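# A look at the structure
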Amino acid sequence: MALLPILVYPDPRLHTVAKPVQAVDARIRALVADMLETMYDASGIGLAATQVDVHERVIVIDTSEERNQPMVLINPEITWASAEKQVGDEGCLSVPGIYDGVERSSSIKVQALDEQGQSREVAAEGLLAVCIQHEMDHLRGKVFVEYLSPLKRNRIKSKMLKARRETERA
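My aim in this report is to walk through the structure given alongside it, one point at a time. Computed from a predicted model, the values in this text were never measured in an experiment.

## Observations regarding the side chain of Q133
Counting through the fold element by element, Q133 comes out in helix α2 (residues 126-139). Classification of Q133 as buried rests on a relative accessible area of 9%. Here A129 takes part through its backbone oxygen, which lies 3.0 Å from a polar atom of the side chain of Q133. In this structure, Q133 is in contact with I78, R104, S105, I108 and R140, ignoring residues within four places of it in sequence.

Encoded structure:
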């Protein structure tokens, strides 16, 4: 297993649309293991392959308090979403230190493959539903800040670019 570098907004690679995984094989299982290690190391609750510059439809999530219930979703598709919405503060490992309100469906059902290539359906609500929707946005090349006003998005972009310049100087 290895820690993978996480792309930081406004990196243009974050806007790449992920392609479906053709086969759940040893390469994909190794990617899943590396993504889980990377997500836990970064204290995140979700990570999409797009964020580690792999443009395939793979998501890892763990919203458990103990951080011991990893969920793997390969080629996920939302099959149902509640009409009821909720606004919650979201953050993102690709937009460190930034949190803002995003409206999402309160409950969803997702069809996906697990790391063994087995089909599964997940019914999710609350934080898990939000996390799945957030990570699926990454697979479509969308970062949560794109739900915010242009003014907020530009401020965040400037802040991220400034932080990158300061890191490069150090």
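## Examining the environment of V8
Tracing the backbone shows V8 in the segment before α1 (26-41). According to the relative accessible area criterion, V8 is partly exposed, its value standing at 35%. In the structure, V8 is positioned 87 residues away from V95 in sequence and 6.0 Å away in space, judged by C-alpha atoms. Sequence-distant contacts of V8, defined by excluding residues within four places in its chain, comprise L14, S94, P96 and M160.

The rules behind these values
Residues numbered from 1 in each chain as written. Predicted model: local features only at pLDDT ≥ 70, side-chain atom pairs only at ≥ 80, totals over all residues. Heavy atoms only, no water. Helix = DSSP H or I, 4+ residues; strand = E, 2+ residues; numbered from the N terminus. Buried < 20%, exposed > 50% of the residue type's maximum accessible area, 1.4 Å probe, protein only. Polar contact = N/O pair within 3.5 Å; in protein donor to acceptor, adjacent residues only side chain to side chain. Contact = heavy atoms within 4.5 Å.

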